[in-house]
Amino acid sequence: MDKLAIEIKKLSFRYKISNSWILKNIDFQLKYGELVILTGVSGQGKSTLLSCINGMIPNIIDGELNGEIYVDGKDVSNLRVSEISHLLGSVLQDPESQIINSKIEDEIAFGCENINMPPKKIKESIDNATKMMDLDKDMFIRTLSGGQKQRLMSAAILAMEQKILLFDEPLANLDIKSAHILLSALRQLADKGYAIIIAEHRLELVYKYADKIALLENHNLSFYKDKDKALHKYDDIMPSSIESLSEKKSCFIVNNLSFSINDNTILENVSLDIKKGDRLVIIGENGAGKTTLLKQLARINTPTTGSITQFITSDKISKDPSLWFSKVGYVYQNPNYQLFMPTVYEEICFMAKSKALAEKTLADFSLADLWERHPQSLSEGQKRKLTIACILAMQPEVIFLDEPTVGQDYSSLLEIIEILNKYHERSEATIVSITHDFRCASLLANKVIWLENGKIKRYGDSRLIAEYFISQREL
Amino acid sequence: MEKLQVRNPLYPLISLIASMIVFVIGILFSQDIAIFYLLLALTLIYALFGYVRPLSKILPVFILISIIIGFGSFITSRDFLVGVQTSGRIILLAYSSVLMIALPPINLTRNLVQLNFPKVLTLGMLATIRFVPVLINETIQIKEAMSSRGVKFSWFNIKCIYRAFLVPFLMRIINMSDILAISIETRGFTLSSNQSSVYKQVKITKRDIFFSIMLISSLLGVTILWIN
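Conventions adopted
- Residues numbered from 1 in each chain as written.
- Chains lettered and ligands numbered in written order.
- Predicted model: local features only at pLDDT ≥ 70, side-chain atom pairs only at ≥ 80, totals over all residues.
- Heavy atoms only, no water.
- Pairing = 2+ DSSP bridges.
- Helix = DSSP H or I, 4+ residues; strand = E, 2+ residues; numbered from the N terminus.
- Axes fitted to C-alpha atoms, helices over the stretch in contact; angles between N-to-C directions.
- Contact = heavy atoms within 4.5 Å.
- Patch = residues over 30% accessible without salt bridge, like charges linked within 9 Å, V, L, I, M, F, W, Y side chains within 5 Å.
- Areas by Shrake-Rupley, 256 points an atom, 1.4 Å probe, with all protein chains shown as cover.
- Salt bridge = Lys/Arg side-chain N within 4 Å of Asp/Glu carboxyl O.
- Buried < 20%, exposed > 50% of the residue type's maximum accessible area, 1.4 Å probe, protein only.
- Domains from an automatic or database assignment.
- pLDDT = per-residue confidence, 0-100.
- Expected span 1.5 Å × (residues − 1).
- Disulfide = S-S within 2.5 Å.
- Core = buried A, V, L, I, M, F, W, Y, C linked by side-chain atoms within 4.5 Å.
- Buried area = accessible area lost by both parts, 1.4 Å probe.
- Polar contact = N/O pair within 3.5 Å; in protein donor to acceptor, adjacent residues only side chain to side chain.
- Nonpolar A, V, L, I, M, F, W, Y, C, P; charged D, E, K, R; others polar.
- Lys, Arg positive; Asp, Glu negative; His and termini not counted.
- Charge placed at Lys NZ, Arg CZ, Asp CG, Glu CD.

A.B. asks: Summarise the sheet that holds strand β15 (residues 328-331) of chain A; cite the residues concerned and give the values.
C.D. replies: All names here are of chain A. Strands sit in the order β15-β16-β17-β13-β18-β19 across an open sheet of six strands; the sheet is mixed. The outermost strands of the open sheet, each flanked by one partner alone, are β15 and β19 (455-461). Adjacent strand axes in the sheet meet at a mean angle of 15° when their direction is disregarded. Where strand β13 (residues 279-284) and strand β18 (residues 447-452) come together, five bridges link them in parallel fashion. By the bridge assignment for β18, L280 is matched with K447. Running at roughly 175° to β15, helix α14 (residues 380-393) makes contact with β15 and β16 (398-402) of the sheet.

A.B. asks: An account of a nonpolar patch on the surface is requested, with residue identities and associated values reported.
C.D. replies: Residues and elements named next belong to chain B. Together, I33, F36, Y37, F71, F74, I75, F80, V84 and L225 give the surface a local cluster of nonpolar side chains, amounting to about 930 Å² of exposed area. Considering each element in turn, the nonpolar patch owes the most residues, three residues, to helix α3 (residues 52-77). Within the fold, V84 resides in helix α4 (residues 80-101). V84 sits in the partly exposed class, given a relative accessible area of 34%.

A.B. asks: Could you give an account of the domain arrangement of chain B, with specific residues and numbers?
C.D. replies: Per the domain assignment, the segments of chain B are domain 1 (2-107 + 204-227) and domain 2 (117-186). Using C-alpha coordinates to define each centre, domain 1 of chain B is positioned 31 Å away from domain 2 of chain B.

A.B. asks: So, the confidence of the model for chain A: which residues are in play, and what are the values?
C.D. replies: Averaged over chain A, the pLDDT score is 87; the fraction of residues at 70 or greater is 95%. Predicted confidence for residues 234-246 of chain A stays below pLDDT 50, and this span has 23 contacts to residues more than four positions away or in other chains.

A.B. asks: Give a description of helix α6 (residues 146-158) of chain A that names residues and reports values.
C.D. replies: Spanning 13 residues, α6(A) covers 19 Å between terminal C-alpha atoms, matching the ideal 18 Å at 1.5 Å per step. The element α6(A) is largely enclosed, with a buried count of twelve among its 13 residues. Those residues of α6(A) that fall on the buried side of the exposure criterion are A:G147, A:Q148, A:K149, A:Q150, A:R151, A:L152, A:M153, A:S154, A:A155, A:A156, A:I157 and A:L158. Buried residues belonging to α6(A) abut β6 (88-91), α4 (104-114), α5 (119-132), β7 (164-168) and α7 (176-191) of chain A together with α7 (158-186) of chain B.

A.B. asks: Tell me about the pairing of strand β4 (residues 63-71) of chain A, residues and numbers included.
C.D. replies: All names here are of chain A. Bridge count for strand β1 (residues 6-15) against β4 is eight bridges, and the pairing is antiparallel. Paired with S12 across the bridge in β4 is N66. Pairing analysis gives two bridges linking β4 to strand β5 (residues 74-75), with the strands arranged antiparallel. Bridged to V71 within β5 is K74. The loop that links β4 with its antiparallel partner β5 comprises two residues; one of these, D72, has a positive phi angle of about 50°.

A.B. asks: Outline the state of the cysteines, listing residues and values.
C.D. replies: Applying the stated criterion to the full structure yields zero disulfides over all chains. Of the cysteine sulfurs around A:C349, a residue in no disulfide, the closest is that of A:C390, at 9.1 Å.

A.B. asks: Go over the sheet that holds strand β12 (residues 264-275) of chain A with me, naming the residues and quoting the values.
C.D. replies: Paired through their backbone hydrogen bonds, the strands of a sheet run either parallel or antiparallel. Residue and element names in this part refer to chain A. Strand order in the open sheet made by the three strands is β12-β11-β14, with antiparallel pairing throughout. Strands at the two margins of the open sheet, each flanked by one partner only, are β12 and β14 (305-310). Shown here is a sheet whose adjacent strand axes are inclined to one another by a mean of 15°, direction ignored. As paired elements, strand β11 (residues 250-261) and β12 share eight bridges and run antiparallel to each other. Bridge pairing in β12 links F252 to I274.

A.B. asks: Provide a residue-level description of the environment of A:V81, including the pertinent values.
C.D. replies: Mapping A:V81 onto the fold places it in helix α3 (residues 81-84). Overall, the relative accessible area of 1% leaves A:V81 in the buried class. In contact with A:V81, other than residues within four places in its own chain, are A:N54, A:G55, A:M56, A:N59, A:I60, B:E185 and B:T186.

A.B. asks: Quick rundown of α7(B)? Include the residues and the values.
C.D. replies: Between its first and last C-alpha atoms α7(B) spans 40 Å; for 29 residues at 1.5 Å apiece the expected length is 42 Å, and the two agree. Trailing α7(B) by a residue or two, B:G188 shows a phi angle of about 85°, which is positive.

A.B. asks: Give a detailed account of unusual backbone geometry, specifying residues and quantitative values.
C.D. replies: Residue and element names in this part refer to chain A. Cis geometry is found at the peptide bond from I57 to P58, where omega equals 10°. Secondary-structure assignment places P58 in helix α2 (residues 56-59). Positioned with a positive phi, N256 is a non-glycine residue whose angle comes to about 50°. With respect to the helices, strands and loops of the structure, N256 is situated in strand β11. At N269, a position not held by glycine, the phi torsion is positive, near 50°. When you line up the elements, N269 lands in strand β12.

A.B. asks: Hey, could you go over the nonpolar core for me, with residue numbers and the actual values?
C.D. replies: All names here are of chain A. Judged by nonpolar contacts, the single largest core of 90 residues is most densely connected at L165, F167, L186 and I196. The biggest single contributor to this core is α7, with eight residues. Residue contacts for F167: discarding those within four places in its chain leaves L50, V91, S154, L158, L182, L186, I196, I197, I198 and A199.

A.B. asks: Explain the interface of chain B and chain A to me, using residue names and the numbers behind them.
C.D. replies: The interface is formed by 45 residues belonging to chain B together with 63 residues belonging to chain A. Buried area between chain B and chain A, summed over both chains or domains, comes out near 5200 Å², and the portion from carbon and sulfur atoms is 55%. Across the chain B-chain A interface, the total number found is seven salt bridges. Residue A:E347 pairs with B:R149 through a salt bridge whose shortest N-O separation is 2.8 Å. For the interface between chain B and chain A, the tally reads 21 residue pairs in polar contact (both at pLDDT 80 or more). Those elements giving two or more residues to the side of chain B that touches chain A turn out to be α5 (105-114), α6 (119-148) and α7 of chain B. Looking at the side of chain B that touches chain A, the element that brings in the most residues is α7(B), giving 15 residues. In the side of chain B that touches chain A, the residues fall into 19 nonpolar, 13 polar and 13 charged.

A.B. asks: Could you give me a rundown of the pattern of salt bridges, with the residues and numbers involved?
C.D. replies: Residues and elements named next belong to chain A. For the structure on display, the rule yields 32 salt bridges over all chains. With a shortest N-O distance of 3.7 Å, E285 and K177 are connected by a salt bridge. One end of the pair, E285, is in the loop between β13 and α9 (290-297); the other, K177, is in helix α7, and 108 residues separate them in sequence. In this structure K177 comes out as partly exposed when scored by relative accessible area, which is 24%. In this structure, D211 engages R187 in a salt bridge whose closest nitrogen and oxygen atoms are separated by 3.1 Å. Of the two residues, D211 is situated in the loop between α8 (203-206) and β9 (212-217) and R187 in helix α7; the sequence distance between them amounts to 24 residues. The buried category is assigned to R187, whose relative accessible area is 15%.

A.B. asks: Mind laying out a positive patch on the surface, listing which residues take part and the relevant values?
C.D. replies: A cluster of basic residues, B:K3, B:R7, B:R53 and B:K57, forms a positive patch on the protein surface. Inspection of the secondary structure assignment puts B:K57 in helix α3.

This is the structure we're talking about:
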């Protein structure tokens, strides 16, 4: 009988601080040559399961662990993480925090050096991994976008050439093109005999590359018999009705806006007219300048040349950040930056129009039970919901959202979008969002800006979303 | 930081030792006119070995700091010469540190690994250097995010600094350190094993020896001048 890549027998785990089991009697087998997608609602234990396999549990994270885990036929219960890393490669979330070198080549070499790979072989591995992930090994990491950093961390693991690979939400920061680059590379590796597990929410992107789709639900793991069925729950997702580009009053007029850092031009001669009540979605590849444009509109950064005229409030108010940001809400890609009060309740009350509204908004986002918790103690998904709730409780006239649904499972994603759209219907606020998620873009947009290399490539209605996503798939 | 790095850096350990020697001997000369001869000699050597560009970039900052601190020293001592000497020491710091600032940190790390220095030292140093720009970036991000939540940033508002700046900042740093520690371990790093390779070996060259001879000769020359 062929040796299994991963074999899990009767695995149960609960965190030290928790009474309930997050994983219960899990049985799982992964053969060499298989690519398995691990899916499930946030908080059901996908990352926990991967942490059990790569040894982070129990070596680094405390808790009660029962059952057996075999990696490449070896019992890993008594092995350290660094020893297990010789058998399998793990790509973790939050690539920004994992980088220690200044050049792509050195960062990729780091893992290879640690496993005592000969220099000649390291060079070869770096060349292969950078080619696979479409990266230039001579580039400095500070010049990379979030998506490129995500690809870099994948390349750093691929270069170590372990035959078993674990990926924890590797598509979180990736645009469609980058996601397909990574997924095709992984499919090719699986076809060459690698065993791969990907924990991911964006099923519509990954399912066609997978051999099997596993669902982690109610502490148990099961497989979809027909992997296409995993997608059925998305059938009801259709792009929102195409609204006509009616003549409304302007909210922002952007005139020949350019923005550079040192010699690096990020935005170049961008001109557009954003109308009041628009639901504008900015799309484009990693590094196209989407976040920069959003920050310019929100007056967080100032343009190098050109101008942005706002028609929301007086110029005097717009120059006072505390008054300006009571009219304009900005939700960061990383929620950790925006949470600082001692409890969830105080956090949402901080800028809320009224306490009653704050409480209602917490309930809308299913966060009411957590009102006494410290915001920084929440899960990443809950933190993201809380930052959006804090902004909505202010009842702003304009909302800027930078990747509002990253890392959210399907039901949370729908919940957020529904609340945002209801708020829009009620208040006719202008909503400007950035997203790489087709489902999110389809449901949040009536107008679309397609950015490419810092310039507007296309500007149009929501039909542009399908065009963009199809073009990315074809690349 | 990368913009200050030179294309062809000196052997890392020589850079480190030279940097320390220049500072120590410079301090000895700092109360004498000989310090200016030393700075002149160092400028010529740095020009020969391609270090003028990073020197010219950091020198204005050090000169500004030296003027401020030198002026403070003059005010407290009421002696103009003491002020000039204090300024001279700050400028000397620029001359001694430029060799290290212009060196890619990975070269020093690899050099120390080759020489069997403890891994905790080499990786710790690399992570610390890497974290400086990260911390600057995090500070900017949090200040921007505070502003976006309607908090007026002021270093003098202790409550605001504690709640809106320090809490997210510390949480972020702790979080990043945790992830980094896990990441390096999942990438095979361990303190207990010496089984690791060096991708690009750092080797001593004739250029490094020539630099060392020129530096030692200059230091000896200036010392003789100082004694006389």
